[in-house]
Amino acid sequence: MKLDELNRLAAERTRSMWRSPLRGPWLTSVLGAVLLAGLPLVAITGLLDYVAYGPAFGQAFPLAVGPFHLPLFDWPTRPSWLFRLPQGLHVGLGLVLIPVVLAKLWSVVPRLFAWPPVRSVGHAVERLTLVPLVGGALFEIVTGVLNIQYDYVFGFDFYTAHYWGAWVFIFGLLAHLAVKLPAMVRGLRSRSLRAELRTPLARTRPETPDSPDGLVAAAPTPPTMSRRGLLALIGGGSLLVAGLTVGQTVDALRPLAVLLPRGRVPAPGDFPVNRTAVAAGIIRADLGNWRLTLTGGPSPVTLDAALAGLPRHTAELPIACVEGWSSTQTWTGVRLADLAARAGVAAPVAALVRSMERGGPFSSAWLTADQVLDPDALLATEVNGAPLTLDHGFPARVIVPALPGVHCTKWVGSIEFRAVA
Ligand SMILES: Nc1nc2c(c(=O)[nH]1)N[C@H]1C(S)=C(S)[C@@H](COP(=O)(O)O)O[C@H]1N2
Ligand SMILES: [Mo]
(Lines give C-alpha, C1' and ligand atoms only; values in the text may rest on other atoms or scores of the structure.)
(Ligands and ions follow the chains in the order given, each with its own letter.)
Protein backbone atom coordinates (compact mmCIF):
# COMPACT_ATOMS: atom_id res chain seq x y z
CA MET A 1 0.00 0.00 0.00
CA LYS A 2 1.29 3.44 -0.81
CA LEU A 3 1.96 5.88 2.01
CA ASP A 4 -0.62 8.32 0.66
CA GLU A 5 -3.25 5.65 0.72
CA LEU A 6 -2.33 4.71 4.30
CA ASN A 7 -2.52 8.31 5.44
CA ARG A 8 -5.89 8.75 3.79
CA LEU A 9 -7.27 5.63 5.50
CA ALA A 10 -5.90 6.73 8.87
CA ALA A 11 -7.47 10.18 8.51
CA GLU A 12 -10.75 8.57 7.54
CA ARG A 13 -10.66 6.28 10.56
CA THR A 14 -9.95 9.16 12.96
CA ARG A 15 -12.78 11.16 11.39
CA SER A 16 -15.32 8.42 11.90
CA MET A 17 -14.15 7.16 15.29
CA TRP A 18 -13.91 10.36 17.38
CA ARG A 19 -16.97 12.48 16.83
CA SER A 20 -17.90 14.05 20.16
CA PRO A 21 -18.62 17.75 19.55
CA LEU A 22 -17.44 18.58 23.08
CA ARG A 23 -13.79 17.59 22.75
CA GLY A 24 -11.42 20.48 22.25
CA PRO A 25 -8.43 22.36 23.67
CA TRP A 26 -10.61 24.46 26.00
CA LEU A 27 -12.27 21.46 27.65
CA THR A 28 -8.97 19.59 27.96
CA SER A 29 -7.30 22.72 29.41
CA VAL A 30 -10.03 23.22 32.02
CA LEU A 31 -9.70 19.61 33.17
CA GLY A 32 -5.90 19.96 33.06
CA ALA A 33 -6.04 23.08 35.24
CA VAL A 34 -8.15 21.29 37.85
CA LEU A 35 -5.68 18.40 37.92
CA LEU A 36 -2.74 20.80 38.05
CA ALA A 37 -4.23 22.35 41.18
CA GLY A 38 -5.05 19.02 42.82
CA LEU A 39 -2.58 16.31 41.84
CA PRO A 40 0.58 18.02 43.20
CA LEU A 41 -1.17 18.21 46.58
CA VAL A 42 -1.91 14.48 46.42
CA ALA A 43 1.74 13.77 45.59
CA ILE A 44 3.15 16.07 48.29
CA THR A 45 0.86 14.75 51.03
CA GLY A 46 1.79 11.22 50.02
CA LEU A 47 5.48 12.02 50.36
CA LEU A 48 4.81 13.67 53.74
CA ASP A 49 3.14 10.45 54.90
CA TYR A 50 6.36 8.68 53.99
CA VAL A 51 8.39 11.09 56.14
CA ALA A 52 5.94 10.70 59.04
CA TYR A 53 6.61 6.98 59.04
CA GLY A 54 10.13 7.59 60.34
CA PRO A 55 12.46 6.48 57.54
CA ALA A 56 15.40 7.33 59.84
CA PHE A 57 14.39 4.27 61.87
CA GLY A 58 14.03 2.14 58.75
CA GLN A 59 10.26 2.22 59.23
CA ALA A 60 9.23 3.69 55.87
CA PHE A 61 9.31 1.60 52.72
CA PRO A 62 11.13 1.42 50.42
CA LEU A 63 14.28 1.87 52.49
CA ALA A 64 17.02 2.41 49.93
CA VAL A 65 15.70 5.17 47.70
CA GLY A 66 19.07 6.59 46.63
CA PRO A 67 18.83 10.14 45.30
CA PHE A 68 15.07 10.03 45.82
CA HIS A 69 15.33 10.18 49.57
CA LEU A 70 13.51 13.09 51.08
CA PRO A 71 14.86 15.59 53.55
CA LEU A 72 14.52 13.58 56.75
CA PHE A 73 13.25 15.32 59.83
CA ASP A 74 11.65 14.16 63.04
CA TRP A 75 7.92 14.27 62.51
CA PRO A 76 6.54 16.79 65.05
CA THR A 77 3.83 15.83 67.54
CA ARG A 78 1.99 19.15 67.28
CA PRO A 79 -0.62 19.96 66.16
CA SER A 80 -2.09 16.55 66.96
CA TRP A 81 -3.82 16.42 63.54
CA LEU A 82 -0.51 16.85 61.72
CA PHE A 83 -0.58 13.31 60.36
CA ARG A 84 -4.34 13.12 59.99
CA LEU A 85 -4.40 16.11 57.61
CA PRO A 86 -1.95 14.89 54.93
CA GLN A 87 -3.23 11.33 55.29
CA GLY A 88 -6.87 12.43 54.80
CA LEU A 89 -6.00 14.82 51.96
CA HIS A 90 -3.89 12.23 50.18
CA VAL A 91 -6.59 9.56 50.18
CA GLY A 92 -9.60 11.89 49.96
CA LEU A 93 -8.35 14.20 47.23
CA GLY A 94 -6.82 11.25 45.39
CA LEU A 95 -10.24 9.59 45.22
CA VAL A 96 -12.17 12.77 44.41
CA LEU A 97 -9.91 13.52 41.42
CA ILE A 98 -10.45 10.11 39.82
CA PRO A 99 -13.50 11.26 37.77
CA VAL A 100 -11.49 14.29 36.56
CA VAL A 101 -8.54 12.09 35.55
CA LEU A 102 -10.87 9.79 33.62
CA ALA A 103 -12.57 12.75 31.93
CA LYS A 104 -9.20 14.24 30.98
CA LEU A 105 -8.12 10.93 29.44
CA TRP A 106 -11.42 10.74 27.55
CA SER A 107 -10.90 14.28 26.26
CA VAL A 108 -7.54 13.45 24.70
CA VAL A 109 -8.03 9.84 23.67
CA PRO A 110 -8.11 10.60 19.89
CA ARG A 111 -4.49 11.75 20.25
CA LEU A 112 -3.49 8.20 21.14
CA PHE A 113 -4.38 7.25 17.58
CA ALA A 114 -2.72 10.24 15.93
CA TRP A 115 -1.34 9.54 12.47
CA PRO A 116 1.50 9.58 11.64
CA PRO A 117 2.40 8.41 15.18
CA VAL A 118 5.46 10.65 15.26
CA ARG A 119 5.74 13.89 13.31
CA SER A 120 8.95 15.35 14.69
CA VAL A 121 11.48 14.94 17.46
CA GLY A 122 9.50 17.32 19.65
CA HIS A 123 6.34 15.38 19.00
CA ALA A 124 8.11 12.12 19.88
CA VAL A 125 9.34 13.59 23.18
CA GLU A 126 5.87 14.90 23.95
CA ARG A 127 4.33 11.50 23.33
CA LEU A 128 7.00 9.67 25.36
CA THR A 129 6.30 11.82 28.44
CA LEU A 130 2.76 10.44 28.38
CA VAL A 131 4.06 7.00 29.35
CA PRO A 132 5.20 8.01 32.88
CA LEU A 133 2.40 10.57 33.19
CA VAL A 134 -0.59 8.38 32.30
CA GLY A 135 1.04 5.12 33.34
CA GLY A 136 2.15 6.59 36.67
CA ALA A 137 -1.25 8.18 37.40
CA LEU A 138 -3.20 5.01 36.60
CA PHE A 139 -0.76 2.84 38.55
CA GLU A 140 -1.04 5.08 41.62
CA ILE A 141 -4.83 5.15 41.39
CA VAL A 142 -5.17 1.38 41.05
CA THR A 143 -2.66 0.45 43.78
CA GLY A 144 -3.98 3.20 46.09
CA VAL A 145 -7.61 2.15 45.74
CA LEU A 146 -6.75 -1.52 46.24
CA ASN A 147 -4.73 -0.60 49.33
CA ILE A 148 -7.55 1.25 51.07
CA GLN A 149 -9.78 -1.73 50.31
CA TYR A 150 -7.20 -3.98 52.04
CA ASP A 151 -7.13 -5.89 48.78
CA TYR A 152 -3.51 -6.86 48.28
CA VAL A 153 -4.09 -8.75 45.07
CA PHE A 154 -0.78 -7.62 43.63
CA GLY A 155 2.29 -9.71 44.27
CA PHE A 156 4.55 -6.81 45.31
CA ASP A 157 4.97 -4.63 48.38
CA PHE A 158 2.41 -1.83 48.21
CA TYR A 159 4.54 0.86 49.86
CA THR A 160 7.56 0.23 47.65
CA ALA A 161 5.49 0.19 44.48
CA HIS A 162 3.36 3.21 45.40
CA TYR A 163 6.45 5.22 46.35
CA TRP A 164 8.28 4.55 43.09
CA GLY A 165 5.05 4.97 41.13
CA ALA A 166 4.76 8.44 42.68
CA TRP A 167 8.20 9.49 41.43
CA VAL A 168 7.47 8.13 37.95
CA PHE A 169 4.26 10.16 37.94
CA ILE A 170 5.98 13.31 39.28
CA PHE A 171 8.62 13.03 36.56
CA GLY A 172 5.91 12.54 33.92
CA LEU A 173 3.92 15.51 35.24
CA LEU A 174 6.93 17.85 35.21
CA ALA A 175 7.87 16.81 31.67
CA HIS A 176 4.26 17.15 30.50
CA LEU A 177 4.01 20.61 32.07
CA ALA A 178 7.23 21.73 30.42
CA VAL A 179 5.80 20.74 27.04
CA LYS A 180 2.14 21.56 27.48
CA LEU A 181 1.77 24.49 29.88
CA PRO A 182 1.61 27.09 27.08
CA ALA A 183 -1.04 25.04 25.26
CA MET A 184 -3.06 24.86 28.46
CA VAL A 185 -2.91 28.61 28.95
CA ARG A 186 -3.90 29.16 25.32
CA GLY A 187 -6.72 26.65 25.67
CA LEU A 188 -8.06 28.34 28.79
CA ARG A 189 -8.01 31.72 27.07
CA SER A 190 -9.77 30.41 23.96
CA ARG A 191 -13.21 30.50 25.57
CA SER A 192 -14.84 32.11 28.57
CA LEU A 193 -15.81 29.78 31.41
CA ARG A 194 -18.61 32.16 32.41
CA ALA A 195 -20.07 32.17 28.91
CA GLU A 196 -19.74 28.40 28.73
CA LEU A 197 -21.70 27.99 31.96
CA ARG A 198 -24.53 30.03 30.43
CA THR A 199 -24.65 28.02 27.20
CA PRO A 200 -27.46 25.45 27.01
CA LEU A 201 -27.47 22.37 24.80
CA ALA A 202 -29.33 24.15 21.99
CA ARG A 203 -26.50 26.67 21.59
CA THR A 204 -23.62 24.23 22.13
CA ARG A 205 -21.20 24.22 19.18
CA PRO A 206 -17.88 22.45 18.67
CA GLU A 207 -14.73 24.39 19.58
CA THR A 208 -12.73 26.08 16.83
CA PRO A 209 -10.90 23.34 14.88
CA ASP A 210 -7.29 22.97 15.99
CA SER A 211 -4.48 21.30 14.09
CA PRO A 212 -2.63 19.23 13.10
CA ASP A 213 -3.94 16.18 14.99
CA GLY A 214 -6.36 18.29 16.97
CA LEU A 215 -8.79 17.47 19.72
CA VAL A 216 -11.77 18.96 17.89
CA ALA A 217 -13.66 16.33 15.90
CA ALA A 218 -13.32 16.69 12.13
CA ALA A 219 -16.87 15.41 11.63
CA PRO A 220 -18.68 16.10 14.90
CA THR A 221 -22.08 14.59 15.67
CA PRO A 222 -24.77 16.96 16.96
CA PRO A 223 -24.28 17.49 20.71
CA THR A 224 -26.40 15.46 23.13
CA MET A 225 -25.07 17.35 26.14
CA SER A 226 -23.91 20.91 26.73
CA ARG A 227 -20.34 21.64 27.80
CA ARG A 228 -21.62 22.85 31.18
CA GLY A 229 -23.63 19.61 31.42
CA LEU A 230 -20.45 17.61 30.91
CA LEU A 231 -18.60 19.67 33.53
CA ALA A 232 -21.53 19.15 35.93
CA LEU A 233 -21.42 15.41 35.27
CA ILE A 234 -17.71 15.25 36.08
CA GLY A 235 -18.11 17.53 39.11
CA GLY A 236 -21.09 15.47 40.24
CA GLY A 237 -18.96 12.32 40.01
CA SER A 238 -16.33 13.95 42.18
CA LEU A 239 -18.96 15.15 44.67
CA LEU A 240 -20.42 11.66 44.88
CA VAL A 241 -16.99 10.20 45.63
CA ALA A 242 -16.44 12.97 48.20
CA GLY A 243 -19.76 12.13 49.88
CA LEU A 244 -18.87 8.46 50.04
CA THR A 245 -15.43 9.29 51.45
CA VAL A 246 -15.89 11.99 54.12
CA GLY A 247 -17.21 9.39 56.56
CA GLN A 248 -13.71 7.91 56.63
CA THR A 249 -12.54 11.09 58.37
CA VAL A 250 -15.59 12.68 60.03
CA ASP A 251 -16.83 10.45 62.85
CA ALA A 252 -20.45 11.63 62.69
CA LEU A 253 -20.66 10.78 58.99
CA ARG A 254 -19.01 7.36 59.25
CA PRO A 255 -22.17 5.47 58.14
CA LEU A 256 -21.93 7.27 54.78
CA ALA A 257 -18.55 5.70 54.10
CA VAL A 258 -19.96 2.72 52.28
CA LEU A 259 -16.70 2.40 50.37
CA LEU A 260 -15.01 1.55 53.67
CA PRO A 261 -14.43 -2.21 53.75
CA ARG A 262 -17.36 -3.80 55.55
CA GLY A 263 -17.34 -4.62 59.22
CA ARG A 264 -14.67 -2.10 60.12
CA VAL A 265 -16.62 -0.45 62.94
CA PRO A 266 -17.20 -3.18 65.54
CA ALA A 267 -20.26 -1.53 67.15
CA PRO A 268 -22.30 1.65 66.66
CA GLY A 269 -20.38 4.59 68.13
CA ASP A 270 -17.13 2.63 68.04
CA PHE A 271 -14.27 3.48 65.69
CA PRO A 272 -12.64 1.27 63.07
CA VAL A 273 -10.42 -1.65 63.97
CA ASN A 274 -7.66 -2.12 61.52
CA ARG A 275 -6.63 -5.61 62.51
CA THR A 276 -8.58 -7.63 65.01
CA ALA A 277 -7.08 -9.52 67.94
CA VAL A 278 -8.07 -12.77 66.24
CA ALA A 279 -6.17 -11.79 63.09
CA ALA A 280 -3.14 -10.90 65.24
CA GLY A 281 -3.33 -14.15 67.23
CA ILE A 282 -4.05 -12.38 70.55
CA ILE A 283 -6.25 -14.35 72.98
CA ARG A 284 -7.79 -12.77 76.09
CA ALA A 285 -7.18 -15.86 78.22
CA ASP A 286 -3.44 -15.31 77.77
CA LEU A 287 -3.62 -11.76 79.13
CA GLY A 288 -4.82 -12.45 82.71
CA ASN A 289 -1.30 -12.28 84.05
CA TRP A 290 -0.14 -9.40 81.82
CA ARG A 291 3.15 -7.70 82.65
CA LEU A 292 4.76 -4.67 81.04
CA THR A 293 8.54 -4.85 80.70
CA LEU A 294 10.57 -1.62 80.51
CA THR A 295 14.20 -1.87 79.45
CA GLY A 296 17.05 0.51 78.64
CA GLY A 297 17.71 1.65 82.21
CA PRO A 298 20.19 0.23 84.71
CA SER A 299 18.09 -2.94 84.96
CA PRO A 300 14.79 -4.13 83.45
CA VAL A 301 11.62 -3.08 85.27
CA THR A 302 8.45 -5.16 85.25
CA LEU A 303 5.06 -3.60 86.03
CA ASP A 304 1.72 -5.34 86.56
CA ALA A 305 -1.64 -4.03 85.35
CA ALA A 306 -1.65 -1.33 88.06
CA LEU A 307 1.33 0.25 86.23
CA ALA A 308 2.95 1.14 89.58
CA GLY A 309 0.20 3.67 90.27
CA LEU A 310 1.73 6.17 87.84
CA PRO A 311 -0.40 9.31 87.34
CA ARG A 312 -3.16 8.82 84.82
CA HIS A 313 -3.72 11.34 82.10
CA THR A 314 -6.54 11.87 79.57
CA ALA A 315 -6.14 13.31 76.06
CA GLU A 316 -8.38 13.69 73.04
CA LEU A 317 -6.33 12.43 70.13
CA PRO A 318 -6.91 11.31 66.57
CA ILE A 319 -5.85 7.98 65.23
CA ALA A 320 -5.24 8.12 61.49
CA CYS A 321 -4.50 5.14 59.29
CA VAL A 322 -2.81 5.41 55.91
CA GLU A 323 -5.34 2.87 54.71
CA GLY A 324 -7.85 5.70 54.50
CA TRP A 325 -9.65 6.39 57.77
CA SER A 326 -9.19 8.53 60.86
CA SER A 327 -11.10 9.14 64.06
CA THR A 328 -10.76 11.21 67.25
CA GLN A 329 -11.23 9.52 70.63
CA THR A 330 -10.62 10.29 74.30
CA TRP A 331 -7.78 8.19 75.61
CA THR A 332 -6.65 7.61 79.20
CA GLY A 333 -3.44 6.01 80.40
CA VAL A 334 0.02 6.71 81.74
CA ARG A 335 2.51 9.01 80.06
CA LEU A 336 5.31 7.38 78.06
CA ALA A 337 7.61 9.97 79.66
CA ASP A 338 6.67 8.68 83.13
CA LEU A 339 7.34 5.12 82.00
CA ALA A 340 10.77 6.18 80.71
CA ALA A 341 11.57 7.78 84.07
CA ARG A 342 10.33 4.66 85.82
CA ALA A 343 12.64 2.59 83.62
CA GLY A 344 15.51 4.78 84.75
CA VAL A 345 16.02 6.57 81.44
CA ALA A 346 15.88 10.28 82.23
CA ALA A 347 16.38 11.63 78.72
CA PRO A 348 15.26 9.03 76.17
CA VAL A 349 16.29 9.70 72.56
CA ALA A 350 14.09 6.93 71.17
CA ALA A 351 11.92 4.03 72.21
CA LEU A 352 11.10 0.68 70.66
CA VAL A 353 7.59 -0.46 71.53
CA ARG A 354 6.95 -4.18 71.12
CA SER A 355 3.57 -5.84 70.88
CA MET A 356 2.77 -9.24 72.28
CA GLU A 357 1.72 -10.00 68.73
CA ARG A 358 4.40 -12.21 67.23
CA GLY A 359 6.08 -11.10 64.01
CA GLY A 360 4.63 -9.10 61.17
CA PRO A 361 5.01 -5.43 60.27
CA PHE A 362 2.89 -4.17 63.21
CA SER A 363 4.57 -6.05 66.02
CA SER A 364 6.94 -3.20 66.94
CA ALA A 365 7.48 0.50 66.26
CA TRP A 366 10.17 3.09 66.97
CA LEU A 367 9.25 6.43 68.49
CA THR A 368 11.41 9.57 68.47
CA ALA A 369 12.32 11.52 71.63
CA ASP A 370 9.55 14.06 70.91
CA GLN A 371 7.03 11.29 70.56
CA VAL A 372 8.03 9.75 73.89
CA LEU A 373 8.20 13.03 75.80
CA ASP A 374 5.05 14.78 74.55
CA PRO A 375 2.75 15.25 77.59
CA ASP A 376 -0.10 13.63 75.63
CA ALA A 377 1.95 10.61 74.52
CA LEU A 378 0.30 7.74 76.36
CA LEU A 379 0.32 4.07 77.00
CA ALA A 380 -3.48 4.00 77.01
CA THR A 381 -5.52 1.46 78.94
CA GLU A 382 -8.89 3.15 78.41
CA VAL A 383 -10.72 4.82 75.59
CA ASN A 384 -13.82 7.00 76.14
CA GLY A 385 -13.86 6.10 79.83
CA ALA A 386 -13.97 2.33 79.40
CA PRO A 387 -11.18 -0.25 79.31
CA LEU A 388 -9.82 -0.90 75.82
CA THR A 389 -11.58 -3.69 74.00
CA LEU A 390 -9.41 -6.59 72.97
CA ASP A 391 -9.59 -5.44 69.33
CA HIS A 392 -8.42 -1.92 70.23
CA GLY A 393 -5.36 -3.23 72.04
CA PHE A 394 -6.32 -4.40 75.56
CA PRO A 395 -4.62 -4.32 78.01
CA ALA A 396 -2.50 -1.37 76.78
CA ARG A 397 -1.71 0.43 73.56
CA VAL A 398 0.33 3.42 72.43
CA ILE A 399 -1.37 6.68 71.39
CA VAL A 400 0.76 9.72 70.53
CA PRO A 401 -0.29 13.03 68.93
CA ALA A 402 0.34 13.16 65.17
CA LEU A 403 1.80 9.65 65.11
CA PRO A 404 0.73 7.52 62.11
CA GLY A 405 -1.88 4.98 63.27
CA VAL A 406 0.35 2.10 62.25
CA HIS A 407 2.81 3.03 64.99
CA CYS A 408 0.15 3.21 67.73
CA THR A 409 1.07 -0.31 68.76
CA LYS A 410 -1.68 -2.43 70.32
CA TRP A 411 -1.27 -5.22 72.92
CA VAL A 412 1.99 -3.71 74.18
CA GLY A 413 4.26 -6.15 75.99
CA SER A 414 7.48 -4.19 76.39
CA ILE A 415 9.12 -0.83 75.78
CA GLU A 416 12.83 -0.40 75.27
CA PHE A 417 14.01 3.16 75.95
CA ARG A 418 17.25 4.35 74.38
CA ALA A 419 19.36 6.89 76.24
CA VAL A 420 21.84 7.38 73.39
CA ALA A 421 21.30 7.21 69.66
N1 LIG B 1 0.09 -4.97 67.52
C2 LIG B 1 -0.54 -4.28 66.57
N3 LIG B 1 -0.70 -2.95 66.70
C4 LIG B 1 -1.34 -2.24 65.75
C5 LIG B 1 -1.83 -2.86 64.58
C6 LIG B 1 -1.67 -4.27 64.47
O7 LIG B 1 -2.10 -4.89 63.49
N8 LIG B 1 -1.03 -4.94 65.47
N9 LIG B 1 -2.45 -2.09 63.60
C10 LIG B 1 -1.98 -0.70 63.55
C11 LIG B 1 -2.69 0.11 62.59
S12 LIG B 1 -2.25 -0.07 60.97
C13 LIG B 1 -3.56 1.09 62.99
S14 LIG B 1 -4.21 2.18 61.88
C15 LIG B 1 -4.00 1.20 64.39
C16 LIG B 1 -5.49 1.06 64.45
O17 LIG B 1 -5.95 0.96 65.77
P18 LIG B 1 -7.39 0.40 66.04
O19 LIG B 1 -7.48 -0.96 65.39
O20 LIG B 1 -7.56 0.36 67.52
O21 LIG B 1 -8.33 1.37 65.43
O22 LIG B 1 -3.39 0.23 65.23
C23 LIG B 1 -2.04 -0.05 64.92
N24 LIG B 1 -1.50 -0.90 65.92
MO1 LIG C 1 -3.08 1.68 59.81
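As a reminder, the structure under discussion sits directly above these lines.
Please read these numbers as outputs of a predicted model, since none were measured by experiment.

**Some thoughts on the site of ligand 1**
Inference 1: Residues in contact with ligand 1 amount to 19 residues; listed here are only the nearest, Pro272, Glu357, His392, Arg397 and Lys410.
Inference 2: Arg275 is positioned such that a nitrogen or oxygen atom in its side chain is 3.0 Å from an oxygen atom of ligand 1.
Inference 3: A distance of 3.0 Å is found between a nitrogen atom of ligand 1 and a backbone nitrogen or oxygen belonging to Cys408.
Inference 4: When isolated, ligand 1 has an accessible area of 530 Å², and the protein chains bury 99% of it.

**Points about the pattern of salt bridges**
Inference 1: If you walk through the whole model with that rule in mind, you get eleven salt bridges.
Inference 2: Ionic pairing is found between Asp376 and Arg78, a salt bridge with its closest N-O pair at 3.1 Å. You can see Asp376 sitting in the loop between α11 (369-373) and β7 (378-383) and its partner Arg78 sitting in the loop between α2 (25-52) and α3 (84-96), a full 298 residues away along the chain.
Inference 3: Residue class for Asp376 comes out buried when judged on its relative accessible area of 17%.
Inference 4: Of the residues examined, Arg78 reaches a relative accessible area of 39% and is grouped as partly exposed.
Inference 5: Put simply, Glu196 and Arg191 hold a salt bridge, and the shortest N to O gap is 2.7 Å.
Inference 6: On the basis of relative accessibility, which here comes to 23%, the residue Arg191 falls in the partly exposed class.

**A word on the packing of aromatic side chains**
Inference 1: Applying the stated criterion across every chain, the model contains 14 aromatic pairs.
Inference 2: Centroid distance Tyr163 to Trp167: 6.5 Å. Interplanar angle 70°. Geometry classified as edge-to-face. Here Trp167 and Tyr163 lie together in helix α6 (residues 158-189), a separation of four residues that amounts to about one turn.
Inference 3: Residue class for Tyr163 comes out buried when judged on its relative accessible area of 5%.
Inference 4: One aromatic cluster in this structure is built from Tyr53, Phe139, Phe154, Phe156, Phe158 and Tyr159.
Inference 5: Over the ring of Trp106 we find Arg23, and its NZ or CZ is 4.2 Å from the ring centre.

Thresholds applied
Residues numbered from 1 in each chain as written. Chains lettered and ligands numbered in written order. Predicted model: local features only at pLDDT ≥ 70, side-chain atom pairs only at ≥ 80, totals over all residues. Heavy atoms only, no water. Near = heavy atom within 4 Å. Polar contact = N/O pair within 3.5 Å; in protein donor to acceptor, adjacent residues only side chain to side chain. Areas by Shrake-Rupley, 256 points an atom, 1.4 Å probe, with all protein chains shown as cover. Salt bridge = Lys/Arg side-chain N within 4 Å of Asp/Glu carboxyl O. Helix = DSSP H or I, 4+ residues; strand = E, 2+ residues; numbered from the N terminus. Buried < 20%, exposed > 50% of the residue type's maximum accessible area, 1.4 Å probe, protein only. Phe/Tyr/Trp six-rings, centres within 6.5 Å; stacked < 30°, edge-to-face > 60°. Lys NZ or Arg CZ within 6 Å of the ring centre and 35° of its normal.

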